[in-house]
Amino acid sequence: MNNSTLKKYFQVTLGCQMNEHDSEVIAAMLESKGYNPVSSAEDADLIIINTCAVRKKPEDKVASLLGKYAALKEINKNLIIAVGGCMTQQSDAAHYIKDRFHFVDLVFGTHALPRLPELIDQASESKSAILDISEDYLDRDKLPVSHGSSFKAWLPIIYGCNNYCSYCVVPFVRGSERSRPFHDIINDAKQLAENGYLEITLLGQNVNSYGNDLNNGVGFTDLLKEINSIEGLRRIRFMTSHPKDLSVKLIETIAMGELLCEHFHLPVQSGSNRILGLMNRKYTKEKYLNLIKEIKDMIPGASITSDIIIGFPGENESDFQETLNLVQEARFDNAFSFIYSPRNNTAAAKMKETLSHAEKEDRLLRFNEVQHKISKEINLSLVGSTAELLVEGPSKNNPEQQTGRTRTNKLVHFSHSEDLTANFAEVIITEARTWNLVGELE
Ligand code: SAH
Ligand code: SF4
């Protein structure tokens, strides 16, 4: 095969782990069509942007990327530019991209994923842009996956979301909840174990809803118990858990399961019951704090992380203070804070915004100051303890160091000149920073 017949693709992925997984499916489909991945857009015959719609910022990023790729299309008229994912599942955004960036060849939504191979063929033959934002969910379960790592893998268990939190676009762009059949998930997990994978992260917008739509009595804890018994696997993670559905039974299951990692990502969003009500989160701050207490009592040393939205419509200073109080009480290992971003079609987009951007930014800074101090204090309390790491490879900033993760999902750097990627290492924690830890091999 000469160089000109080798087709090359470049993919950019924005957003969450589910999108990263979708990009692995896209990669596998492209590779079976004869495309090879390249690490720079300049070298590609096909550029794909897998977009995110959860906030305005990732949507703005798409316009800036397309601005850059316009010039490449001038140089290579045969270049195919495709934009897919959550942003383009929204009709207005899809049409905006198609009309504003007339050089884009294909716009496809999340539900079009299984049709991507044919869509690319159509786009390469058609003079005008192809648009597929159909609402039909095709079975995507049997699609191939090209895993980005050789030792840890994403494994979706449920697609979509039925919760309609008032600020969130996800139910509109990912559709309603569809749990994957129990045995398909178990078979995938077994296959991954046979292929040498050590860690699996079970994915869903709300993993606790797993099974609700199957009506066969099987739920998330049954799935965890079964995966926990698969030989060869060493660590099982899951995200995300909705606090309204996290049960004591689930905490008990995690406490007992040898492979089930002691990390809960449990987004709280706000510490004010009034705002939680407006957000349609269906729990109170008291119920949430009680859950945290149950987790800490039943699994000492478990780590808990969270997401917070700052500046939701109507959030006043005393609501914000309640969020700060909750964070002081919950003592999260880390909390990701986001300035509220109005999203089309959502209930909150119709609520009156009451804060200026500067006020939201000020709250964000004040929030982060409180949370960063707590993160550092928790990390400091770990100095002197030992931890098992699954090594991810050389540290990004220092090739003399290796980086690994604890079962509680904390990043630890340690000095070692040999590449220990995909090995387990025991370390003693010697230094604490806000975002990570430093250790020494035992
Ligand atoms: N399914 C997950 C997370 C979905 S989106 C869950 O239910 O927790 C990830 C995070 O983005 C959310 O937890 C929330 O904190 C944030 N987010 C979602 N919509 C947002 C919006 N409109 N503005 C700001 N942050 C938002
Ligand atoms: Fe969005 Fe709420 Fe569903 Fe999470 S649970 S994806 S925040 S609607």
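Residues numbered from 1 in each chain as written. Chains lettered and ligands numbered in written order. Predicted model: local features only at pLDDT ≥ 70, side-chain atom pairs only at ≥ 80, totals over all residues. Heavy atoms only, no water.

A. Structural view of the site of ligand 1. Close to ligand 1 lie 15 residues, the nearest being R55, Q205, Q269, D307 and S341. The side chain of D307 places a nitrogen or oxygen atom 2.7 Å from an oxygen atom of ligand 1. Within the backbone of S341, an N or O atom sits 2.7 Å from a nitrogen atom of ligand 1. For ligand 1, the accessible surface in isolation is 540 Å², of which the surrounding protein chains cover 89%. For the shell around ligand 1, the secondary-structure elements that each account for two or more residues are β13 (303-310) and β14 (334-339). The residue makeup of the shell around ligand 1, split by class, is seven nonpolar, four polar and four charged. (Near = heavy atom within 4 Å. Polar contact = N/O pair within 3.5 Å; in protein donor to acceptor, adjacent residues only side chain to side chain. Areas by Shrake-Rupley, 256 points an atom, 1.4 Å probe, with all protein chains shown as cover. Helix = DSSP H or I, 4+ residues; strand = E, 2+ residues; numbered from the N terminus. Nonpolar A, V, L, I, M, F, W, Y, C, P; charged D, E, K, R; others polar.)

B. The packing of helix α8 (residues 248-256) against helix α10 (residues 285-298), seen in detail. Axis separation between α8 and α10 bottoms out at 10 Å; the angle between their running directions is 25 degrees. Judged on the interaxial angle alone, α10 and α8 are roughly parallel. Judged by the sense of rotation from one axis to the other, the crossing of α8 with α10 is right-handed. Contacts from V248, I251, E252 and A255 in α8 reach L291, E294, I295 and M298 in α10. Among the residues forming the contact of α8 with α10, the class breakdown is six nonpolar, no polar and two charged. (Axes fitted to C-alpha atoms, helices over the stretch in contact; angles between N-to-C directions. Parallel < 35°, antiparallel > 145°, perpendicular 65-115°, else oblique. Left-handed = near helix turned anticlockwise from the far one by under 90°. Contact = heavy atoms within 4.5 Å.)

C. Spotlight on the domain arrangement of the protein. Here the protein is partitioned into domain 1 (8-132), domain 2 (152-380) and domain 3 (386-441). On a C-alpha basis, the centres of domain 1 and domain 2 stand 29 Å from each other. When domain 1 packs against domain 2, the two sides together hide about 1600 Å² of surface, and 57% of this comes from carbon and sulfur. The largest per-residue losses of area from domain 1 upon contact with domain 2 belong to Q17, M18 and R55, which jointly make up 36% of the total buried on that side. For the interface between domain 1 and domain 2, the tally reads two salt bridges. (Domains from an automatic or database assignment. Buried area = accessible area lost by both parts, 1.4 Å probe. Salt bridge = Lys/Arg side-chain N within 4 Å of Asp/Glu carboxyl O.)

D. Structural context of the sheet that holds β14. Taken in spatial order, the three strands make up an open sheet running β12-β13-β14, and their pairing is parallel. Two strands close off the open sheet at either side, each with one partner strand: β12 (263-265) and β14. If you compare each strand with its neighbour and ignore which way they point, the axes differ by 15 degrees on average. Pairing of β12 with β13 involves three bridges; the strand directions are parallel. Bridge pairing in β13 links H265 to T305. (Pairing = 2+ DSSP bridges.)

E. Seen up close, the packing of aromatic side chains. One pass over the structure, following the stated rule, counts eight aromatic pairs. Ring plane angle 70 degrees and centroid distance 5.5 Å describe the contact between F220 and F238, whose orientation is recorded as edge-to-face. Of this pair, F220 sits in helix α7 (residues 220-228) while F238 sits in strand β11 (residues 235-239), and the two are 18 residues apart along the sequence. For F238, a relative accessible area of 6% translates into the label buried. Considering the side-chain rings of Y283 and Y288, the 6.1 Å spacing of their centres and the 35 degrees angle between planes classify their relative orientation as tilted. Accessibility classification places Y283 together with Y288 in one group, the buried group. Above the ring of F338, the side-chain terminus of R55 is found at 3.7 Å from the ring centroid. In this structure, R234 packs its charged tip against the face of F424, placed 3.8 Å from the ring centre. (Phe/Tyr/Trp six-rings, centres within 6.5 Å; stacked < 30°, edge-to-face > 60°. Buried < 20%, exposed > 50% of the residue type's maximum accessible area, 1.4 Å probe, protein only. Lys NZ or Arg CZ within 6 Å of the ring centre and 35° of its normal.)

F. How the structure looks around helix α4 (residues 116-125). Along α4, the residues that are buried comprise L116, P117, L119, I120 and A123. Take α4 and look down its axis: the buried residues cluster within an arc of 160 degrees, on one side only. Residues of α4 that are buried in the fold lie against α1 (17-32), β2 (35-37), β3 (46-51), β4 (80-85), β5 (106-109) and β6 (130-132). (Arc of directions from axis to C-beta.)

G. Quick look at the environment of W435. Structurally, the position occupied by W435 is in the loop between β18 (424-432) and β19 (437-441). Between the alpha carbons of W435 and N379 there is a distance of 8.5 Å; along the sequence they are 56 residues apart. Among residues more than four places away in sequence, those in contact with W435 are N334, H372 and N379.

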